[in-house]
Every structure is written in structure tokens, then in C-alpha cells.
Amino acid sequence: MKFCNFRVLAVFLLWNCTFAATVAVAADYFKTPEYASPKGTTIIHAGSLLAVPGEHAKTSQSIIVKGGQVTAIHEGFVAADAISDADGVTVLDLSKEFVMPGFIDLHVHLTGQAGANRKVDAVTMTDADTAYVAQMYARRTLLAGFTTVRDLGSRGTAIFALRDAVKAGRVAGPKIIAAGQAITPTGGHGDIHGYRQEVLDVLASTGVCDGADDCRAAVRRQVKRGADVIKVTATGGVLSETATGTGQQFTDEELRAIADTAHALGRKVTAHAHEAAGIEAALRAGFDSIEHSMWADKDTMKLFLKSDAWIIPTVYPITAVGDTPEKMKKGPFKDMPPPIMAKLLRLQSQPKIMTRLAHSMGVKIALGTDSGVSPHGENANEFVEYVNAGMTEMESLMAGTINAAIAAGYAEKIGSLEVGKAADMVAMAKSPLDDISAVLRLNFIMRDGVIFKHE
Ligand SMILES: [Zn+2]
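A quick note: this is a predicted structure, and the numbers were derived from the prediction, not measured.

Some words on the sheet that holds strand β7 (residues 175-178)
- Read across the sheet, three strands follow the order β5-β6-β7 without closing on themselves; strand pairing throughout is parallel. Bordering the open sheet on either side are β5 (103-108) and β7, each of which pairs with just one other strand. Within this sheet the neighbouring strands show an average axis-to-axis angle of 15°, counted without direction.
- Each of β6 (146-151) and β7 touches helix α4 (residues 158-167); the most contacted strand, β7, lies at about 145° to it.

Here we look at helix α7 (residues 252-264)
- The first and last C-alpha atoms of α7 sit 18 Å apart over 13 residues, in line with the 18 Å expected at 1.5 Å per residue.
- Of the residues trailing α7, G266 is marked for its positive phi of about 75°.

Focus: the pairing of strand β1 (residues 41-49)
- With eight of its nine residues buried, β1 lies for the most part within the structure.
- Taken together, the eight bridges between β1 and strand β4 (residues 89-101) define a ladder with parallel strand orientation. Bridging from a neighbouring strand, L49 pairs with V99 of β4.
- Pairing of β1 with strand β2 (residues 58-66) involves eight bridges; the strand directions are antiparallel. Each residue of the ladder has a partner; that of A46, found in β2, is Q61.

As for the sheet that holds β4
- Pairing in this open sheet of seven strands is mixed, and the strands run β3-β2-β1-β4-β13-β14-β15 from one edge to the other. Because the sheet does not close on itself, it has two edges, and the strands there are β3 (69-75) and β15 (450-454). Neighbour-to-neighbour, the strand axes of the sheet open up by a mean angle of 30°, direction not taken into account.

Digging into the pairing of β15
- Of the pairings in the sheet, the one linking strand β14 (residues 442-447) to β15 comprises four bridges and is antiparallel in character. What sits directly across from F444, in β15, is H454.
- Adjacent in sequence and paired antiparallel, β14 and β15 are bridged by two residues, among which D448 carries a positive phi angle near 50°.

Here we look at the confidence of the model for the protein
- Averaged over the protein, the pLDDT score is 90; the fraction of residues at 70 or greater is 93%.
- Long-range and interchain partners of residues 1-30, a stretch whose pLDDT sits below 50, account for six contacts in this model, where long-range means more than four residues apart.

Quick word on the environment of D288
- Here D288 is to be found in the loop between α8 (276-284) and β10 (289-292).
- Note: C-alpha distance between D288 and H263 (25 residues apart in sequence) is 9.6 Å.
- Excluding its chain neighbours within four sequence positions, the residues that come into contact with D288 are K268, V269, T270, A309 and W310.

Side note on the packing of α8 against helix α9 (residues 298-307)
- Axis separation between α8 and α9 bottoms out at 10 Å; the angle between their running directions is 15°. Viewed along their axes, α8 and α9 adopt a mutual orientation that is roughly parallel. Considering only the axes of α8 and α9, their crossing is left-handed. Here A276, I279, E280 and L283 of α8 come into contact with α9, specifically with T300, L303, F304 and S307.

So, the nonpolar core
- In terms of nonpolar packing, the biggest core is built from 129 residues, with L162, I230, I258 and A282 touching the most fellow members.
- Taken domain by domain, this core gets at least three of its residues from each of domain 2 (41-102 + 419-454) and domain 3 (103-408).
- Residues contacting A282, with those up to four places away along its chain left out, are A234, L255, A271, A273, F287 and I290.

Examining the environment of H272
- With respect to the helices and strands, the residue H272 is situated in strand β9 (residues 268-273).
- Taking the number of C-beta atoms within 10 Å as the measure of exposure, H272 has 31 and is therefore buried.
- Separated by 184 residues in sequence, H272 and G88 have C-alpha atoms that sit 48 Å apart.
- Excluding residues that lie within four positions of it along the chain, H272 makes contacts with H189, K231, V232, T233, A234, G237, E291 and H292.

Reading the values: rules and limits
Residues numbered from 1 in each chain as written. Predicted model: local features only at pLDDT ≥ 70, side-chain atom pairs only at ≥ 80, totals over all residues. Pairing = 2+ DSSP bridges. Helix = DSSP H or I, 4+ residues; strand = E, 2+ residues; numbered from the N terminus. Axes fitted to C-alpha atoms, helices over the stretch in contact; angles between N-to-C directions. Contact = placed C-beta atoms within 7 Å. Expected span 1.5 Å × (residues − 1). Buried ≥ 20, exposed ≤ 12 C-beta atoms within 10 Å, placed from the backbone. pLDDT = per-residue confidence, 0-100. Parallel < 35°, antiparallel > 145°, perpendicular 65-115°, else oblique. Left-handed = near helix turned anticlockwise from the far one by under 90°. Core = buried A, V, L, I, M, F, W, Y, C linked by C-beta atoms within 7 Å. Domains from an automatic or database assignment.

Structure, rendered in C-alpha cells:
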């Protein structure tokens, strides 16, 4: 490197310097990822700590972090010299802050943002374009305090590449539990619509299947492609450009084949479902959770209780795009094609009504937003929606931390701040137990021991 400090005018030498510098950077890059957790010990002085949502918050606590994990939690503020670590000790002062586990969103779509360009984007963007866009949305989501997300449906392979890049510490984002392409019947909600036939052929989904055997193969195919979880469109959906309603689309037999295959391969299986009959069919088939559950009624809720499955309500997107016909017609989806608009106009307050009913009947609720419908980075508004729908502040925080971790099957590693779990945490000035909107203003964000925000 010293050689390169000379003022060299010869083109030959200049080229050599540039070359040497490039090699050095590349070598460092592979040795030390941009977002690798620091080698030494970090001591976090937490003014208030809600280590396990559902238990009491405690004042004046020290969280000890090493290698991206919580290694201890002590009463009071531990001084740097109380811990010996040859790699160094760093103390972070959050003594005026409320500290809690990083948030978890069980339903996002990081590879896109629904809007006017969506149909053109689908035929113009390459997998590489999609990966860069997804990285931007991943960063926004992390900076909203979400240290883990479950991505429930995307075309191509970008989501798997992004998941792996985050894991390797190359890019900033939440940990990603990825579904790949949703399992859908031909012409179903997860299939592609609204183009001429030749274009539909090019955009064909790897998740399309019809009949029990074909659907078993479709599940195996997603796992082979890299899926961590299986997402199924059990009923019609709102944003598919087809006037086929929101009723049951897969048969009971197909749903059973899908659920059994997913479980045999060690994957959770979750259903997008709106109308009661489709939700109930998925519950009878043994699904672990139901997304949206828009028109679940009292009988449906009883079946949830019997089957011990989770509801992922996704309330905020409807608020964001307009929960009255007047707001909808002025909002970001005002130019949606007629088949979609007809379904959008039916939603109104239904997500809030459904969430209130589910909560009052004691159904298990875990947080999911469907971000990508609402803007990425606004995910924490879902906590506020749950309190507005009758949940206590603590229940709402549980839905987006410990309960989301349990519902997704990752509670051994995430969801609370306990010894051996990931050092995923956020801090805010006010207690969200007093005012839930505190979750919208974070001063500190750590994921796997790496600080992504500290103000
Ligand atoms: Zn979705």
C-alpha cells in the first residue's frame, strides 16, 4: 500500500495501484462482512427492560451481548471493568430508554410495493433489479425496528439471495423467513393475471398446482428452491386481477395434501384466506396459521381455538390504502382495475372487526402487516391497530415479538431477550405499555449484536 502513496504519473503504475487497492478491498470484504457482529462484549444499560413480553418490565438492567447473542442479563448497571474480554468491552448507555426485543412481522412482501406500476414492473424487472429493490425495502423494514420478517410470496429467486446476503452480513436487513412462490391453484390468487397469453406463459409461477399429487409436488418444489415456510392461497384474494371473489379456491383434499407435505418436510404452512369456508377448510387440513382471515365469524373462531392455529390479521394495509369507499377512491389504489377495485371496496372496517372478535374470543394472534401493500417501513403501525381493536398494549407487543416467534416456529432463537437468543432489540424514549405509539419512534436498533441505529 505504501507503494501507492507516491504521486505516480505513469499510466502503468497508476493501473497497478488501482489493481492492488481493489484486491485488498475484495479480500477484506470476504473476511469481514459489512454487518458482522462485533468480536468483543457489549454491555447495554437499559433504563427499562421488557426482556420477555408478557412478563413485567424491570428497571435498571444490563444486557450482556457477545457473538450476536445475549449471554447474560444482570440487575443494575454493570461497569465495563467488571467484564474481561480480550476483544474489548463496549458500554451502550440506554439508561433513559425503554428496551425490548426486536419486532417480528410474519407477513411482508419485500420484493415489491403494490401501486400503479406493478403490471409493468412484472414484465420489465429482472431478478437482479428485484434484488436491489428488495434490499432497499429490507433496510427500511429493519430501520422500523423489525429484526425478523417472514416474506410470504415473491417471484424469482431474489428473496432467497437477499435472505442469504443478510445472513452473511453483506447487506442491512431483517432476518428473513422466506416462502418463495405461494402455492396456488391455476387461475387462483397466487397465479398471474391480467396479461395476454404469451406473457402469462413467461411469468408462469412455480407454485401453481391442481389436484393432491400435483400440489404435493408444488410444496416439494418450493422447499427445493429454498423455502423456509409454505404459503398457500386457500381462497381468492383482493389484489389479483380476476373477478373470482374471495371464496375457497383449493379443495379440502388439496389443502390436506399441501399441509401434510409441508409438515413432513419440517415446514410451517400458512394460508392466505378471506371467506369463512376457505379459512375453515385450511384449519381442518391442519394449517399452522391463517393470514388475513377477513370474514372469520364466531364459528370460525371456535375452530381456530380447537385447532390451536394462529391468526395473522394484517389490519394496517387497509387503513393505509383507505378503509372507507371515499378514502379508497382517493388513495394510492384509486387506479386499480375494476376486478380489484370491487374487492377493495368490500373490505372497509372488516379487518378491525375481525381482530376485535378474534381477541374477544381468545384466539391466538401474531403480528403481520402484508407490507408491500402498505409501504415498507410503516410496519409498526400494526401494533397501534391491535390496541385500537381491543388488545392491551402488552398483548399487542407480544403479538409482534414472542408470539410471532412461536407462531413461526423460531422461539428458540428470537422473540424475547434471554440467554442464548439473538441480540435483537429496539429502544424508545417512552414506554409503549403506556402509549403504544412509542413503537413508531425508535432511538436504537440492534440485530444479532450489530447496531443499525443509535441516536
Ligand atoms: Zn400478502
